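A structural walkthrough
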Amino acid sequence: MSFTDLFESGEHSRNIGHFASIANIASIKGSINAEEEKLLKRFARKLDIVEEEYEAILKNPGNYPINPPNDAEGRLERIHDLFEMVFADNEIDDHERFLIEKYAIGLGYDVETARHLIKRSIEIYSGGLDLEDYRYLLNKK
């Protein structure tokens, strides 16, 4: 196995873990609604998740570990993706907030930073921000 095969395998493993986190958020309220399914399919394409992996992950998203990116930019992008799914129904409940905080910690943020990130994100997130707007508003004082 070549070095590039190992890198691609590791990156795909991180993508599977991230997609499972997104799927877990989507399925919190029981069934997945049409908007959530549309987002899941979009994230599957973005993360190179094939149909067989998609189906397996949706059956039990909790079976996949969080495998965080090595850089801050990648972690922030993952949090943004999770907020897109949380706000697919235009609201966030206590369980979703708890899970997204848990994921933020799993991505490598300390507890205080994760709580600030989640609190600030909830204040500014409307479900339609792109990553650049999200980053700008998150860091704005």
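Residues numbered from 1 in each chain as written. Predicted model: local features only at pLDDT ≥ 70, side-chain atom pairs only at ≥ 80, totals over all residues. Heavy atoms only, no water.

1. Here we look at helix α4 (residues 72–86)
- Under the 1.5 Å per step criterion, the end-to-end length of α4 is 21 Å for 15 residues, consistent within 8% with the ideal 21 Å.
- Across the 15 residues that make up α4, a large majority, twelve, are buried.
- Within α4 the residues assigned to the buried category are G74, R75, L76, R78, I79, H80, D81, L82, F83, E84, M85 and V86. (Helix = DSSP H or I, 4+ residues; strand = E, 2+ residues; numbered from the N terminus. Expected span 1.5 Å × (residues − 1). Buried < 20%, exposed > 50% of the residue type's maximum accessible area, 1.4 Å probe, protein only.)

2. Some points on the UniProt feature "coiled-coil region" (unreviewed entry) in the protein
- The UniProt record annotates "coiled-coil region" (unreviewed entry) at residues 33–60.
- For residues 33–60, the helix share is 79%, the strand share is 0%, and the end-to-end C-alpha distance is 17 Å. (UniProt positions renumbered as here; feature names shortened; annotations may be inferred.)

3. Digging into the pattern of salt bridges
- Across all of its chains, the model carries seven salt bridges by this definition.
- The salt bridge partner of E11 is R14, with a shortest N-O separation of 3.0 Å. Pair noted here: E11 and R14 are both in helix α1 (residues 3–26), with a separation of three residues, about one helical turn.
- For R14, a relative accessible area of 15% corresponds to the buried category.
- Across the pair K46 and E77 runs a salt bridge whose closest N-O atoms are separated by 3.1 Å. Here the residue K46 occupies a position in helix α2 (residues 34–46), and E77 occupies one in helix α4, the gap between them amounting to 31 residues.
- In this structure K46 comes out as partly exposed when scored by relative accessible area, which is 43%.
- For E77, a relative accessible area of 28% translates into the label partly exposed.
- Here the residues in one salt-bridge network are K46, E77 and D81, joined through shared partners. (Salt bridge = Lys/Arg side-chain N within 4 Å of Asp/Glu carboxyl O.)

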